[in-house]
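The residues making up each chain are set out below.
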Amino acid sequence: MKPLLSFLFSLLIIPAIGQDLNKDNFNFSAYLETYYSYDFNQPDDQNRPDFLYNFSRHNEFSINLAMVKMAYQSDGIRANLALMAGTYAQFNMANEPTWAQFINEASLGVRLHEKLWLDIGVMPSHIGFETWIGAECWHLSRSLLAENSPYFLTGARLSYAVKENIDLTLWASNGWQNVQRVERNRGLGLGFGVTHRPIPGLEINYANYLGNEGIDPVKLWRFFNNFYLQSEVGYWGLTLGTDYGIQQAYLGGINQWYGLTASLRRAIDEKVYVAGRAEYYSDPKGIILNEGLKVSGLSCNLDYHYNPSALFRLEVRQFISSEGVFSLPGGRFSKGNTAVTASFSLSF
């Protein structure tokens, strides 16, 4: 927690020592999300299925994400620095060195042209429609597509606003969601994304990733695609998303995985929302998941916005697999997994 405390202290002293900087160029924000989740399989180690990186602890009150962020923007320069703690950081950054496990975002950017920016650092990825900020998502939990594709990338990003309703993104990264590259993995990952908003309330996005996920001297090329469509009209919202990826196998040939998700949301009034989700994820060779599996999921949640900054949520989520892949007490396994999760988040 020392890096987090140091950052908080720096927020207090910046106004005093930064007399040459315009205070209006700085923006400070924070996000805190607490939760309690009960997994009816009652896993012995208190951990929910290992393909989940959010709300992943069973039968305990916990913090999914605590984040503080400082953003700076002037004419032609921008920067972001955000530090985090919580079970999202614990599980999503488990393979990173200790110094990197608290970094949520750290980037510097320069405007190369009126609508062209170059940013370098740790930044949100261009893949998918969900982020680590739960209050910005329609559901309490993240979809299987989001949990098993990069939330962030580390590298250089070119972003270009072609028109008011079309954005292009080009990435060169340290790999598939790494702050620090894996030892003996010398290749860079490349990514491209395009977002189109043809009419108000409709967003269409395509994103991809190409990189070598092997360890020298073995090369295992991965090519991944994500597509989603998100529409909000009146009281209703609809999201359709799909992932498809291929990767070279060690003994030749190609392995593949894919996922599908569909969400429907309805505003009851200004403060209350309900949402339902159906999804399917197939990774039989365990390219992305720790073990190969095929799993279906259903969830529904109820949201109550206490005020514009505070959000209460309740969700029931069910997973179903054709094989016994979900842990039960005593070393037994089940084909199903049901959990109820409640969360309270505050943005400030």
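In what follows, the structure referred to is the one given above.
Residues numbered from 1 in each chain as written. Predicted model: local features only at pLDDT ≥ 70, side-chain atom pairs only at ≥ 80, totals over all residues. Heavy atoms only, no water.

Trainee: What should I look at first to understand the pattern of salt bridges in this one?
Mentor: Oppositely charged side chains may form a pair once their charged atoms are brought near each other. Scanning all chains against the criterion turns up 13 salt bridges. Notably, a salt bridge pairs Asp39 with Arg48, separated by 3.2 Å at the nearest N-O pair. Note on Asp39: relative accessible area 1%, which makes it buried. We classify Arg48 as buried; its relative accessible area is 7%. Here Glu315 and Arg277 are joined by a salt bridge, their closest N and O atoms 3.7 Å apart. With Glu315 in strand S15 (residues 310-321) and Arg277 in strand S13 (residues 272-283), this pair connects stretches of sequence that are 38 residues apart. We classify Glu315 as buried; its relative accessible area is 2%. Each of Glu130, Arg277, Glu279, Glu315 and Arg317 takes part in salt bridges that share partners, so that together they form one network. (Salt bridge = Lys/Arg side-chain N within 4 Å of Asp/Glu carboxyl O. Buried < 20%, exposed > 50% of the residue type's maximum accessible area, 1.4 Å probe, protein only. Helix = DSSP H or I, 4+ residues; strand = E, 2+ residues; numbered from the N terminus.)

Trainee: Even after reading the chapter, I still don't get the layout of surface pockets, so can you show me in this structure?
Mentor: Once rolled over the atoms, a probe with the size of a water molecule shows which space is left empty. Of the pockets and cavities examined, the largest pocket occupies roughly 1100 Å³. Around the largest pocket, the lining is made up of 47 residues, and of these Tyr53, Asn95, Trp176, Asn178 and Ile288 lie nearest the centre. Among the elements that take part in the lining of the largest pocket, strand S9 (residues 202-212) stands out by supplying 3 residues, more than any other. Tallied by class, residues from the lining of the largest pocket come to 19 nonpolar, 21 polar and 7 charged. The calculated volume of the second largest pocket comes to roughly 760 Å³. Listing elements by their share of the lining of the second largest pocket, those giving two or more residues are strand S1 (26-39), strand S2 (61-74), strand S4 (103-113), strand S6 (152-163), strand S7 (166-173), strand S8 (189-196) and S9. Here the residues of the lining of the second largest pocket are counted per class, giving 13 nonpolar, 12 polar and 9 charged. (1 Å grid on protein atoms, 1.4 Å probe; cavity = no way out; pocket = protein on both sides within 12 Å on 5 of 7 lines; lining within 4 Å. Points joined across faces, edges and corners; volume = space filled by probe spheres on them. Nonpolar A, V, L, I, M, F, W, Y, C, P; charged D, E, K, R; others polar.)

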